[in-house]
Amino acid sequence: MPVVDVDPEELRDLTGHDEKGNEELKEDLFGLGLEFEGRTEDGEFQLEFAPDRLDRLSVEGVARSLRYHYGDDRGVYVPNTNDADWTIEVDEGVPDERPYVTGAVVRGVDLDEDALRARRARCDDRGGCRGVLRPDARPPRPLDPGEDGEGSDPRDTPVHEGRGKSIRYTGIAPDGDRFVPLDSNSEMTPADVLADHPTGETYADLVGEYERYPAIYDDIGLFSFPPVINGKRTEVTTDSRELFVEMTGTDQWTIDRMLSIVCYALDARGATVEEVAVEYPDRELVRPDLSTSETSVAHERIESIIGVDFDPEEVVDLFERSGLNAETEGAEDGNRLVYDVEVPSYRVDVLHPLDLVDDVGRAYGFNDLDPRYPDVGTVGGRHERSGLEDAVRNQLVGLGFENLLNFHMTSEEENFDRMHVAPDDDALGAADPATIREPYSEDYTMLRTWALPSLLMVLENNTHRPYPQDLAEIGLAAHVNDSGNTAGTSSGKPSSATAHENTGVAERRTVAAVLARHDASYEDAKARLQAVARNFDVDLETPPTEHPTFVDGRTADVVVDGGTVGVVGEVHPAVLVEHDLELPVVGFEFRMDALE
Amino acid sequence: MQLPESQVAVLETASATEAQAIARLADETGLAPESVTGAAFELADRGLVAVEEATEESVSLTDEGATYIDEGLPEVRLYEAALDAGADAAAVEMGRVIGQSGLEGAAVDIALSNYARKGYGSIESGEITADPNADPDSDPEAAALSALADGETVDDADTLDQLERRDLVERSESTVRSVTLTDDGVTALMEGVETAETVGQITPELLTSGEWEDVEFAEYNVEADAAGLTGGKEHILRQTANRVKDTLVGMGFSEMEGPHADAEFWINDCLFMPQDHPARTHWDQFALENPAEIDELPADLVERVRDAHRDGVGEDGEGYHSPWTEEVAKGIDLRGHTTSLSMRYLSGHAQGDLEPPERFFSVEKVYRNDTLDPTHLLEFFQIEGWVMAEDLSVRDLMGTFTEFYEQFGITGLEFKPHYNPYTEPSFELFGTHPTTGELVEVGNSGMFREEVLRPLGVDCDVMAWGLSLERLLMLMYGFEDIRDVHGTLADLELLRTTEVIH
């Protein structure tokens, strides 16, 4: 989950609660669902937060939530905005994949070093923030160029003189133009940035497939390559007082909501937000859109979910303490009591009225609720398959086998090569394996097609432990179902333990056992196999067969009720030596459904 | 005096003037050492011999220690390389000396940490000097190692301590018992001892012949340890799983079952996980290359799930504003949670439409692309449970889980409001650790969202929770490294000796 670094001093400052000690703050934050993970070198709190409340990604957002939590603020707050003076012109040439843009002008910003750093810092788990939305927000750029900027930049002129100003969002060829990106001193094309600039390399995957790259121009020229990096010409410093915030994206709603979150945060720092006109070829939008939305929530749903009877006044109070406004409707004329709830634009997490019921619950305090055992009668029971598994397991334990539990994931090497089996052999374990895409570890690249390799590995890792080592496992084995994704078994019997679905993977439970002891012989394995068959009242035959893992002449098919379901035999010395074993091992493996 | 045969032999062999070790008595009497020990203790009980115990220490080389016999100690090698490089005259860049010394890997650290300690020279800001007066030939640690290798004893305790700290030698202690005749023993011998007619093993022949009536049974040392024996035992994780299953069945839950490799549709999409959710990338879960796609998904359900993702559910519902394609939904993954089973059951695809009330559970394996460490495995068991009924509240959820965790000694449950894409309200569950008293996370829970339930055709409430079985096991048994238990690195000794918890 994403982690956000927050300075506790700043939090005290922004909430106006100087008296709160660190421990107390941590407790209050836990109540909001922000878990304290530790401190940074600079003493900032590292807070892990659930990725739904993106508005809490900044210290200002966390402070706002705390003020509601403390009851210092109530109800919805919407920042005032001044009329638009600037325009973003959207060109026909914008990349098809990223056609949308939004923006705002923010004046009177006071960015100290901390705030600036916080704003530059990206969420360290960038996937996490993209959970609900993709905040492709770049750091905002100042309206006035920094000290390194060109003095003749027309944007030096204060905006309020009323001169219309405009930037242009378009798309260009990867090497279509040059600019000096942040943290660099040389002119680069967007393609150069992706190849040679550290930030570019990190975010290259966001635009890697694009034919044209997103580009933003002002009247001097190219100055930003969203969503990868801004130009150096418009770098934000602690001296920057007036910012132009722009975001591009794949969905207008999403970037507008992200912009709201940024505007709320800058407003909390005393800045003034000014609108921007976004001119698409076919329509014009005025942004940011900080207007609230309305959702109705039924009183009875609140009561049934939280399990408490509420007075309507209390519910309205709880809504207000959550930063929402609510009005009752329909109570007097005998209709269902419903609340019209006004939701501010930074609440990107509200997808359903239920999300607002959750707010009421949090404000009320879930931990203050009395647990009760639900008055609902049902009859419990085990699944037939897991019942059979247990019965077979108990039987093998009774025969003296140590019951094991191994991983279902393994590698071709362990599953095939080291057992001297090839996938296209005609033998138990030989099958087309279900393989993992882009595996990270060469030890886990596929699902095991049989379980004996796992048992041999356990023997290999325990040669320093006393013998005899009699091991058994009942577990999953699987392979790609080549008969057109339909369930089937090699014994021809229909079965609950085979692939249930059309996933293309035939899954089965397999019963595997080995005996590693100084005097182990075929008969020891066969004797135990017979005992199992007898106890499950099935007919066992063991006609001779060949299997690359076992010694010829000491290997048999396990045939149960006429169907071949497995193999029993003495493990070949070559396989034993391969596993560093210095004593004989005998064993068997068969499909569990043969015992049904 | 009549004594069993072995006692007679020991008594007659023992000397009143010289303490003889058990091993020597065994040699001379031709008895097994354990028989001699048993006989000696019996005789001591009768006051005929005295048994003395002494502790003997033996020192042996570890594998690492043995390597240094041939190669020389790393610090000595470093010193010699430093001399070669002229470090006795002026400081030399360290990387070069290490390169020349041929030291690699851990040996470099070993050399560096012992170099200055032994006064071979100093190491400062990446440069090394060598003390020309140091004499590696008189290094006491090297001398002790080679003495031990030659089978000699080393008496220098300080050096041995140092070598033991460096894991180059191992010390072990053994008890040596010796036997001396007492005055009573001498008297008894003078008066004469006879071998009693005793019987060891009771044989079928002894019983059928009736001979058993005339013999004396030899006394065994019934206090002695018997030879080790390990019977079979159900794997402790299975035991824990079965305990959970019993508890849940007792609470009215029925067990679910279903595919491990399943379509993302069942694993993620039905759960209202947006298709660009970070947990859906291959950084978090295993996608299959072969087979890559499910044949077919239920078309009507796909339609309803797609609508929920795009437009939300209900009048004031809001969708995700991110792309949704059936192609992604058809991809096959190893399930990252068993909630895919819950989806199959709730949708009616597993065993037909369900009518409330219902309770279902599973304790089954899930797969996550995590880093293997003492508390994380790539595959682990998830306990999953849900209750379907009209008008369930958060209090019912709290009551159910409080009841469940109490069965495992976990009390003082706290509910931290949380976010999951598929439940609202959601809670992380924290409980008090049964032994340490710490507050630890024990699960994740919530009420399924309407965006999950309505497409599945469920019109009532469903509350659900999940928990890792391994976590419960570690809380119950106090294990610190889960890899000792689950998987092919399992230690048989641990599995064989772990206390049975019931």
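Residues numbered from 1 in each chain as written. Chains lettered and ligands numbered in written order. Predicted model: local features only at pLDDT ≥ 70, side-chain atom pairs only at ≥ 80, totals over all residues.

1. Focus: the overall build of chain B
Okay, step 1: Within chain B one finds 20 helices and 20 strands.
Okay, step 2: On C-alpha atoms alone, chain B measures out to a radius of gyration of 36 Å, which is more than a quarter above the 23 Å that the 2.2 N^0.38 rule sets for 502 residues.
Okay, step 3: Seen through its C-alpha atoms, chain B measures out along the principal axes to roughly 110 × 90 × 45 Å.
Okay, step 4: Relative to its 502 residues, chain B shows a buried fraction of 41%.
Okay, step 5: Across chain B, the fraction of contacts at a sequence separation of at least 24, relative to all contacts at a separation of at least 6, is 68%. (Helix = DSSP H or I, 4+ residues; strand = E, 2+ residues; numbered from the N terminus. Rg over C-alpha atoms; globule rule 2.2 N^0.38 Å. Buried ≥ 20, exposed ≤ 12 C-beta atoms within 10 Å, placed from the backbone. Contact = placed C-beta atoms within 7 Å.)

2. Some thoughts on the nonpolar core
Okay, step 1: If you look at the biggest cluster of nonpolar residues, it comprises 162 residues, and the most contacted ones within it are Phe-319, Val-360 and Leu-455 of chain A together with Val-462 and Leu-469 of chain B.
Okay, step 2: Broken down by element, this core gets its largest block of residues, eight residues, from strand β22 (residues 505–516) of chain A.
Okay, step 3: Every residue in contact with Phe-319 of chain A, bar those within four places of it in the chain, is listed here: Leu-324, Ala-326, Tyr-339, Val-341 and Val-360 of chain A.
Okay, step 4: Residues Leu-54, Ile-167, Val-262 and Cys-263 of chain A belong to the second largest nonpolar core, which totals 64 residues. (Core = buried A, V, L, I, M, F, W, Y, C linked by C-beta atoms within 7 Å.)

3. As for the domain arrangement of chain B
Okay, step 1: Here chain B is partitioned into domain 1 (2–59 + 174–217) and domain 2 (238–260 + 336–497).
Okay, step 2: Just the C-alpha atoms count here: the centres of domain 1 of chain B and domain 2 of chain B sit 62 Å apart. (Domains from an automatic or database assignment.)

4. A look at the sheet that holds strand β2 (residues 35–39) of chain A
Residues and elements named next belong to chain A.
Okay, step 1: Ordered by their spatial adjacency, three strands build an open sheet running β1-β3-β2, and the pairing between neighbours is antiparallel. Unpaired on one side and paired on the other, β1 (3–6) and β2 mark the two borders of the sheet. Strand-to-strand, the axes of this sheet are offset by a mean angle of 30 degrees, without reference to chain direction.
Okay, step 2: Relative to strand β3 (residues 45–48), β1 runs antiparallel, the two being bridged by four bridges. In the sheet register, Val-6 faces β3, and the bridge partner there is Phe-45. (Pairing = 2+ DSSP bridges. Axes fitted to C-alpha atoms, helices over the stretch in contact; angles between N-to-C directions.)

5. Considering the packing of helix α8 (residues 140–149) of chain B against helix α9 (residues 157–165) of chain B
Residues and elements named next belong to chain B.
Okay, step 1: Remark: α8 packs on α9, axes separated minimally by 10 Å, with the N-to-C direction vectors making an angle of 85 degrees. It follows that α8 is roughly perpendicular to α9 by the angle criterion. Together, Pro-140, Glu-141, Ala-144 and Leu-145 of α8 and Thr-159, Leu-160, Gln-162 and Leu-163 of α9 make up the contact between the two elements.
Okay, step 2: When the residues that make up the contact of α8 with α9 are grouped by side-chain class, the tally is five nonpolar, two polar and one charged. (Parallel < 35°, antiparallel > 145°, perpendicular 65-115°, else oblique. Nonpolar A, V, L, I, M, F, W, Y, C, P; charged D, E, K, R; others polar.)

6. Quick word on the interface of chain A and chain B
Interface size is commonly expressed as the accessible area that is lost once the parts come together.
Okay, step 1: Taken together, the contacts link 88 residues of chain A with 92 residues of chain B.
Okay, step 2: With two bridges connecting them, strand β19 (residues 435–436) of chain A and strand β13 (residues 288–290) of chain B associate as antiparallel partners. Directly across from Thr-435 of chain A, in β13 of chain B, lies its bridge partner Asn-290 of chain B.

7. Comments concerning the confidence of the model for chain B
Okay, step 1: Looking at chain B as a whole, its pLDDT mean stands at 88, while 99% of the residues score no less than 70.
Okay, step 2: With a pTM of 0.76, the predicted complex shows an ipTM of 0.85. (pLDDT = per-residue confidence, 0-100.)

8. A look at helix α17 (residues 394–406) of chain B
Side chains that are three or four residues apart share a direction in an α-helix, a result of its 3.6 residues per turn.
Okay, step 1: Its 13 residues give α17 of chain B an end-to-end C-alpha distance of 18 Å, which sits within 8% of 18 Å, the value for a rise of 1.5 Å per residue.
Okay, step 2: Looking only at α17 of chain B, the buried set comprises Val-394, Asp-396, Leu-397, Met-398, Thr-400, Phe-401, Phe-404 and Tyr-405 of chain B. (Expected span 1.5 Å × (residues − 1).)

9. As for the packing of helix α2 (residues 22–29) of chain B against helix α3 (residues 33–45) of chain B
Residue and element names in this part refer to chain B.
Okay, step 1: Two elements in contact, α2 and α3, have axes separated by 9 Å at closest approach and are oriented at 110 degrees. By the angle between their axes, α2 is roughly perpendicular relative to α3. In this structure, α2 contributes Ile-22, Ala-23, Leu-25, Ala-26 and Thr-29 to the contact, and α3 contributes Pro-33, Val-36, Thr-37 and Ala-40.
Okay, step 2: A per-class count over the contact of α2 with α3 returns seven nonpolar, two polar and no charged.

10. A look at the sheet that holds strand β25 (residues 563–571) of chain A
Residue and element names in this part refer to chain A.
Okay, step 1: Spatially, β17-β21-β22-β26-β25-β24-β23 is the arrangement adopted by the seven strands of the open sheet, whose pairing is mixed. Edge positions in the sheet fall to β17 (402–403) and β23 (540–541), since each of these pairs with one other strand and no more.
Okay, step 2: In terms of strand pairing, β23 meets strand β24 (residues 550–560) through two bridges, oriented antiparallel. Along β24, the bridge assignment pairs Leu-540 with Val-560.

11. Section: helix α9 (residues 299–306) of chain A
Okay, step 1: Of the positions making up α9 of chain A, those classed as buried are Ile-302, Ile-305 and Ile-306 of chain A. Burial along α9 of chain A is one-sided: seen end-on, the buried residues are contained in an arc of 85 degrees.
Okay, step 2: Looking at the packing, one finds that the buried side of α9 of chain A touches β14 (293–298), α10 (312–321) and α11 (353–364) of chain A together with α17 and β19 (439–448) of chain B.
Okay, step 3: Downstream of α9 of chain A by one or two residues, Gly-307 of chain A has phi in the positive range, about 80 degrees. (Arc of directions from axis to C-beta.)

12. Regarding unusual backbone geometry
Okay, step 1: Cis peptide bonds are those with omega within 30 degrees of zero, and the linkage from Pro-226 of chain A to Pro-227 of chain A qualifies with -5 degrees.
Okay, step 2: Of note, the amide linkage connecting Tyr-467 of chain A to Pro-468 of chain A takes the cis form, showing an omega dihedral of 0 degrees.
Okay, step 3: Examined against the element boundaries, Pro-468 of chain A turns out to sit in the loop between α14 (452–461) and β21 (469–480).
Okay, step 4: One non-glycine residue, His-420 of chain A, lies in positive phi territory at about 65 degrees.
Okay, step 5: By the secondary structure assignment, His-420 of chain A is in the loop between α13 (412–415) and β19.
Okay, step 6: The exposure class assigned to His-420 of chain A is partly exposed, which follows from the 17 C-beta atoms found within 10 Å.
Okay, step 7: One non-glycine residue with positive phi stands out, namely Asp-167 of chain B, at about 60 degrees.
Okay, step 8: Looking at the element boundaries, Asp-167 of chain B is found in the loop between α9 and β7 (169–181).

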